[in-house]
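The chain contents come next:
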Amino acid sequence: MRILLFTGKGGVGKTTAAAATATLAAGRGLKTLVVSTDTAHSLADALATRASGEPEPVEAAPGLYLQQVDTQKSLERHWGELRDYAGRVLGELGLDQITAEELTVLPGAEEIIALLELREQARSGGWDVIVVDCAPTAETLRLLALPEALDWHVNRLLPLGRRLLGALSPVVRRVARVSAPEGEVLSAGERLHRGLLEIRELLTGADASVRLVLTPEAVVVAEARRTLTSLSLYGYRVDGVIANRVFPADGADEWRRAWAAAQARQLAVVHDSFAPLPVRIVPYLPAEPVGPAALARLAEELYAGDDPFARPGTEPPVRMTADLLDLALPLADRHDVDLARKGDDLIITAGPYRRVITLPAALSRRKISSAALRDGVLRVRFEAGGAR
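The structure contained in this document is the topic of the report that follows. (Residues numbered from 1 in each chain as written. Predicted model: local features only at pLDDT ≥ 70, side-chain atom pairs only at ≥ 80, totals over all residues. Heavy atoms only, no water.)

### Digging into the overall build of the chain
Thinking step 1. Broken down by element type, the chain carries 11 helices and 15 strands.
Thinking step 2. In the chain, which comprises 388 residues, the proportion classed as buried is 46%.
Thinking step 3. Contacts spanning at least 24 positions in sequence make up 72% of the contacts within the chain whose residues lie at least 6 apart.
Thinking step 4. Entry remark: accessible area of the chain is about 18900 Å², with carbon and sulfur atoms responsible for 53%. (Helix = DSSP H or I, 4+ residues; strand = E, 2+ residues; numbered from the N terminus. Buried < 20%, exposed > 50% of the residue type's maximum accessible area, 1.4 Å probe, protein only. Contact = heavy atoms within 4.5 Å. Areas by Shrake-Rupley, 256 points an atom, 1.4 Å probe, with all protein chains shown as cover.)

Here it is as structure tokens:
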């Protein structure tokens, strides 16, 4: 099963690129699901169809299914015990039921639920291709960083929480006058934690990759460059770039010639920055591509006979050997990269983003002998056989 994620700055056309790619997959005989983690769903509009909480076939595109996640229903299934407990505590504090229910809808919960639904569909084994229309870049990066970040905290807090729960429950009830969490609440948290880890394993695996969608404008290109670095920091493969809405230079009037020249300069930056990744060009079309037929034509032009569903040929961003850790950080400036160590964890910062990597036992016992960023790779070398 192939998983393709599309992301980019808001308004660059990532939904159109995702929908076109999904339509092409179905046209090639691959049973395809297209789903969105963006709360501002527009996939159904792009495909000119209706959507529901379950995968529904798209008319005029045999083999293509669209799912628009029913957040409320999924929230009850994945997060029910946690929401019930939070609502009960808020009720005990004097809040009315409606206010308590509103306060228990956690920020970002819809995106998390969409990822959990993606995991359910992947586990079903019923798809050849799953295409994910992600939220705009900043939200996507926060979302993709969440499983590993929660793992670090949960592994340290949940065992302690279970040990303290029995001893402190009566005290919490008597002093704070609210219910302490029971075992099933912690179990729900653990299930959520495991589900997020499975999502991370799925999306960083050899069959998943990200495609960056951009328009050839200076601000958009600058953000796409940072996004490539950040996705690699978190361990996600990027296998291509789509440059959308490119003005044709031929037969242009003065106004369009100026735009074409400015875009050509930015496209040169894109090719130079993202090499050796393929950069696919989508011209500025005379009409908006809406519906399966228009999207299929766009996809054929976009991929020009290539196989966009082949497994990504890129190496995983993180590679470890007996005495070495390599982390790909393409386009990173060494002044923006920082490395620290705390116990068994490496803390790597690239610009505004940070990742904690827990070292395997073979490396955690050794001191770091050197660390350097060269040619877009952070190489951390450990002393052979040395204890830290």
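### Looking at the pairing of strand β14 (residues 368–374)
It is a general feature of regular strands that their side chains alternate between the two faces of the sheet.
Thinking step 1. Of the strand pairs in this sheet, β14 and strand β15 (residues 377–382) are connected by 6 bridges, and their pairing is antiparallel. By the bridge assignment for β15, Ala-372 is matched with Arg-379.
Thinking step 2. Adjacent in sequence and paired antiparallel, β14 and β15 are bridged by 2 residues, among which Asp-375 carries a positive phi angle near 55°. (Pairing = 2+ DSSP bridges.)

### Concerning the nonpolar core
Grouped burial of nonpolar side chains is what soluble globular proteins tend to show.
Thinking step 1. With 89 residues, the main nonpolar core has Phe-6, Ile-130, Leu-203 and Phe-274 as its most contacted residues.
Thinking step 2. Ranked by the residues each element gives to this core, the list is headed by helix α1 (residues 14–27), at 8 residues. (Core = buried A, V, L, I, M, F, W, Y, C linked by side-chain atoms within 4.5 Å.)

### Focus on the packing of helix α8 (residues 218–233) against helix α9 (residues 254–274)
Thinking step 1. Interhelical geometry of α8 versus α9 gives an angle of 5° and a closest axis separation of 10 Å. In terms of orientation, α8 lies roughly parallel with respect to α9. Facing Ala-218, Val-221, Ala-224, Arg-225 and Leu-228 of α8, the residues of α9 in contact are Gln-266, Val-269, Val-270, Ser-273 and Phe-274.
Thinking step 2. Class assignment of the residues belonging to the contact of α8 with α9 gives a composition of 7 nonpolar, 2 polar and 1 charged. (Axes fitted to C-alpha atoms, helices over the stretch in contact; angles between N-to-C directions. Parallel < 35°, antiparallel > 145°, perpendicular 65-115°, else oblique. Nonpolar A, V, L, I, M, F, W, Y, C, P; charged D, E, K, R; others polar.)

### Some details on the sheet that holds strand β13 (residues 353–358)
Thinking step 1. Strand order in the open sheet formed by 3 strands is β11-β12-β13, with antiparallel pairing between adjacent strands. Single-partner strands in this sheet number two, and they are β11 (337–342) and β13. Within the sheet, the average angular offset between the axes of one strand and its neighbour, ignoring direction, is 20°.
Thinking step 2. Across the sheet, α8 lies against β12 (345–350) and β13, angled at about 20° from β13, the strand it touches most.

### Re the sheet that holds strand β10 (residues 324–328)
Thinking step 1. Spatial ordering of the open sheet is given by β9-β10-β15-β14, a layout of 4 strands whose pairing is antiparallel. The sheet is open, and its two edges are formed by β9 (318–320) and β14, each paired on a single side. Adjacent strand axes in the sheet meet at a mean angle of 10° when their direction is disregarded.

### What about the pattern of salt bridges?
Thinking step 1. Applying the stated criterion across every chain yields a total of 11 salt bridges.
Thinking step 2. Residues Glu-223 and Lys-9 are paired through a salt bridge, measuring 3.4 Å at the closest nitrogen-oxygen approach. A residue pair is termed long-range when its members are at least 10 positions apart, and Glu-223 in helix α8 and Lys-9 in the loop between β1 (2–7) and α1 qualify at 214 residues.
Thinking step 3. One salt-bridge network, in which partners are shared between bridges, spans Arg-119, Glu-120, Arg-123 and Glu-198. (Salt bridge = Lys/Arg side-chain N within 4 Å of Asp/Glu carboxyl O.)

### A short note on the side chain of Gln-266
Thinking step 1. Locating Gln-266 in the fold gives a position in helix α9.
Thinking step 2. Take Gln-266: its relative accessible area is 18%, and that puts it in the buried class.
Thinking step 3. Dropping the residues within four chain positions of it, Gln-266 is found in contact with Pro-216, Glu-217, Ala-218 and Val-221.

### A short note on α8
Thinking step 1. Its 16 residues place the ends of α8 23 Å apart at the C-alpha level, agreeing with the 22 Å of an ideal helix rising 1.5 Å per residue.
Thinking step 2. When α8 is considered as a whole, its buried residues turn out to be Val-220, Val-221, Glu-223, Ala-224, Thr-227, Leu-228, Thr-229, Ser-230, Leu-231, Ser-232 and Leu-233.
Thinking step 3. Looking one or two residues beyond α8, the residue adopting positive phi is Gly-235, at roughly 95°. (Expected span 1.5 Å × (residues − 1).)

### Let's talk about the environment of Pro-317
Thinking step 1. In this structure, Pro-317 sits in the loop between α10 (292–303) and β9.
Thinking step 2. With 12 residues separating them in the primary sequence, Pro-317 and Leu-329 have C-alpha atoms 7.9 Å apart.
Thinking step 3. In this view, Pro-317 contacts Ser-232, Gly-235, Tyr-236, Arg-237, Asp-326, Leu-327 and Ala-328; residues no more than four positions away in its chain are not counted.

### Side note on unusual backbone geometry
Thinking step 1. Here the residue pair Ala-275 and Pro-276 is connected by a cis peptide bond, since its omega of 10° sits within 30 degrees of zero.
Thinking step 2. The topology assignment puts Pro-276 in the loop between α9 and β8 (279–283).
Thinking step 3. Although it is not a glycine, Ala-304 adopts a positive phi angle of roughly 45°.
Thinking step 4. Note that Ala-304 resides in the loop between α10 and β9.
Thinking step 5. The exposed category is assigned to Ala-304, whose relative accessible area is 61%.
Thinking step 6. Even without glycine at this site, Asp-375 takes up a positive phi of about 55°.
Thinking step 7. Along the polypeptide, Asp-375 turns up in the loop between β14 and β15.

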